[in-house]
Amino acid sequence: MDYKNFIGGAWVETSATTPNVNPSDISDILGHAARGDLTQLDQAIDAADQAAAIWAASTPQQRFDVLDFVGTEILARKEELGRLLSREEGKTLPEGIGEAARAGQIFKFFAGEALRQTGDKLASVRPGIEVDVTRSPVGVVGLITPWNFPIAIPAWKIAPAICYGNAVVLKPAELVPGCAHALVEILSRSGLPEGVVNLVMGRGSELGPRLIENDKVRAISFTGSVPTGRGIAAACGAGLKKVQLEMGGKNPMVVLDDADLDIAVDACLNGAFFSTGQRCTASSRLVVTEAIHDRFVAALAERMSALKVGNALEAGIQMGPVVDARQLEQNLSYVDIASGEGGRVQGGERLNRETEGFYMAPALVTETSNAMRINREEVFGPVASVIRVKDYDEALNIANDTEFGLSSGICTTSLKHASHFKANAQAGMVMVNLPTAGVDYHVPFGGTKGSSFGSREQGRYAAEFYTSVKTAYTLP
Ligand code: NAD
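Residue positions are given per chain, counting from 1 as you read along its sequence in written order. With pLDDT at 70 or above as the cut-off, local features in this predicted model cover only qualifying residues; side-chain atom pairs require 80 or more to be listed or tallied, and sums for whole chains, interfaces and linings still use all residues. Side-chain metrics rest on all non-hydrogen atoms present in the structure, leaving aside hydrogens and water.

Participant: I keep staring at the packing of aromatic side chains and nothing clicks. Help me out?
Facilitator: The relative placement of two aromatic rings is captured by the distance of their centres and the angle of their planes. Classification of ring pairs rests on two measures: the distance between centres of Phe, Tyr or Trp rings, Trp counted by its six-membered ring, which must be within 6.5 Å, and the angle between planes, read as stacked under 30 degrees, edge-to-face over 60 and tilted in between. Here the structure, examined in full by the defined rule, presents 6 aromatic pairs. Judged by centre distance (4.5 Å) and plane angle (40°), the ring pair of Phe 6 and Trp 11 falls under tilted. Judged by relative accessible area, Phe 6 falls into the buried class, the value being 7%. Relative to Phe 110, the ring of Phe 109 has its centre 5.0 Å away and its plane inclined at 90°; by these criteria the two rings are edge-to-face. Exposure class is identical for Phe 109 and Phe 110. Each is buried. Here the aromatic cluster, defined as three or more aromatic residues joined through ring pairs, consists of Phe 109, Phe 110 and Tyr 164. Only lysine NZ and arginine CZ atoms are considered, and such an atom sits over a ring when it is within 6 Å of the ring centre and within 35 degrees of the ring normal. Here the basic side chain of Lys 91 rests over the ring of Phe 149, its NZ or CZ set 3.8 Å away from the ring centre. Categorising residues by exposure relies on relative accessible area from a 1.4 Å probe, with only protein chains included: less than 20% of the type maximum marks a residue as buried, more than 50% marks it as exposed, and the intermediate range marks it as partly exposed.

Participant: Explain the layout of surface pockets to me, please; I cannot follow it from the model alone.
Facilitator: In this approach, a probe sized like a water molecule rolls over the atoms, and the result shows the empty space that is left. A cavity here means a set of points on a 1 Å grid, drawn over the protein atoms and nothing else, where a 1.4 Å probe fits but cannot get out; a pocket is an open set with protein on both sides within 12 Å along at least five of seven lines, and a residue lines either one if it has an atom within 4 Å of a point. Grid points are joined across faces, edges and corners, and a volume is the space filled by probe spheres set on the points. The volume enclosed by the largest pocket comes to roughly 1,200 Å³. Every residue lining the largest pocket is counted, 49 residues in all, and those nearest its centre are Trp 147, Glu 174, Ser 225, Thr 228 and Arg 326. Counting residues per element, the ones that place at least two in the lining of the largest pocket are strand E3 (17–22), helix H7 (204–213), strand E10 (217–223), helix H8 (226–238) and helix H11 (325–340). Considering every element that reaches the lining of the largest pocket, the biggest residue donor is H8, with 6 residues. Residues belonging to the lining of the largest pocket are distributed by class as follows: 24 nonpolar, 16 polar and 9 charged. In this structure, the second largest pocket encloses a volume near 420 Å³. Lining the second largest pocket are 24 residues, with Arg 102, Phe 149, Arg 279, Gly 438 and Val 439 sitting closest to its centre. Helix and strand assignments come from DSSP, with helices taken as H or I runs of at least 4 residues and strands as E runs of at least 2, each series counted from the N terminus. Of all the secondary structure elements, the ones that give two or more residues to the lining of the second largest pocket are helix H4 (93–114) and helix H5 (152–163). Throughout this entry, Asp, Glu, Lys and Arg are counted as charged residues, while Ala, Val, Leu, Ile, Met, Phe, Trp, Tyr, Cys and Pro are counted as nonpolar. The remaining residues, Gly among them, count as polar. For the lining of the second largest pocket, the class distribution of residues is 12 nonpolar, 6 polar and 6 charged. Segmentation into domains, and thus their bounds, comes from an automatic or database assignment. Here the lining of the second largest pocket spans two domains, and each of domain 1 (2–247 + 442–474) and domain 2 (251–432) adds at least three residues to it.

Next up, the structure:
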C-alpha cells in the first residue's frame, strides 16, 4: 500500500484500498490509498484526544519550531509536491507548484502567529478584582477537505489547529490521497507528539458522520459542497459542536462599459477557466453592460478558444483535465442544460488527447438570464455564462441575486462604482479589476449566505475557530 493512514504516530494499513488515478492519463495509477473503517477512525480520535492535553501545554517556541519545519520543507520540495498534485488532481504544473508553495507559506505564517498569541487584561468594574481574557485550544478538531486544493486546504486547516494548541483528525477527499499523505508524512517528522495529527483516508459518507458524532471531537472544519455541508451543520448543531463550513459559489464578475477591456478579459479568462474552473471562487457568471458586451464576448471567446487544454504535466498546457469521469459528465450535462434553456454555447465539447483522460474544452454561454439553471447552480468546471445588463444598478442586483456569496468581482475604471460595489456586493470577498479567484494566504477567506457558515478561515481570524475564549476573574 502506498498511502497508509497515520494514527497515534504510526502508519497503519487497511484491507481495502482505493486507486489514485491520474485524470490526465487514466492508465497511470499513482498508488493505492488506505480505505479506513470506523474502528480506525475511533482509534485516531482516541489518539488525538490523548495528545490534545499534551499539545495544549506546548510552548509557543515548540509550536513555532514544528510549523516552521513543515513550511520550510514544503517550500524546499514545492516542485516535487506540485508535480504530485498536478498528477493526481489535474491542475497544470505551474498551478500545482504554486499551490504547494502556498501550503508552505501558510505554515510559515502560522509559525509566526504561534509567537504572537495575546490576551487582554482589563480592570474589573468591581474594586480590587482583575479580569483576564485569554484563548484556549478547542481540543480535538475534525478536518474534512475536498479534492480541488489537495494540499493548500489541509494546510490551512492543520496549521492554525496546531498553532493554537489543538489535535486533529484529517479526513481528506478520496480522489486526492497523495497530497494529504505527503503533507502528513512531513508533519510526522516535525517533532509533534504522537497523536496530534492523524490521517484517516476513506469514504466520506461512512467516516464523516462518525467523526462528527464522536463526543471527543469538539469542532469540525469542513470545505466541500453545499449538500454535504448542510448535513454536517445539522449534525454539529445536534451535538452542540463548533462548526466551520466553506462551500460552493456562483461568483459574479461585473464588467462595466468603462472597464479596461484587456484587464476585464484577462480577469475573466483566469477566473472562469484556470484550474479547469474547479475553484469555489471561479467566475462563473459574467455580468456585462450593453456598450461593452459584444466586444468583451468576442475578445473572451477568442482567448478562451486559444487556451491549450491537455495533460497537466506537459509544458505549455494552460488548462488540465477535469478531475474525474463523474465531474466531467456533470460539466457536459450543464452545457446541454444551458443550451436547452436557450443559451448560445461556444466550446464545451469533450476532447481527446494522446493519453486517455477527462478532457473538455472550456465553454462560454452567452444570451443567458440570471433565472436559468446555468446561472443558479454551481457547475464546478470550466463553464462561464454571460448575462447582458443595462447599467451598473442592474449589474449589482443581478450579481447579488444568488443563494451564494463567496467572491464577487467588478471590472471598472470608475472609482465611484468600485467603491459602491465593495460596500454593497453580498460576498465575503470582493475583487476590483482582479479575478474572483486568487487570494492571499495571510488574510481571511470565506463567504456569506449559502457559501459559508461559521467564523472565517486563514489569517489571524482563524483563531476564532481554533480557540475558545476564557474570561478569568482574580481577587489577588
Ligand atoms: P464534497 O462535499 O463531495 O466532499 C468534501 C469532503 O466531504 C470529502 O472529504 C468527502 O469525503 C467528505 N464527505 C462526503 N460525504 C460526507 C458526509 N456525509 N459527512 C461528512 N463528510 C463527507 O465536495 P467535493 O466534491 O470534494 O468538493 C467540491 C466542492 O467543494 C464544491 O462545491 C466547491 O465549491 C467546494 N469548495 C469550497 C471551497 C471554499 O473554501 N468555499 C474551497 C474548495 C472547494
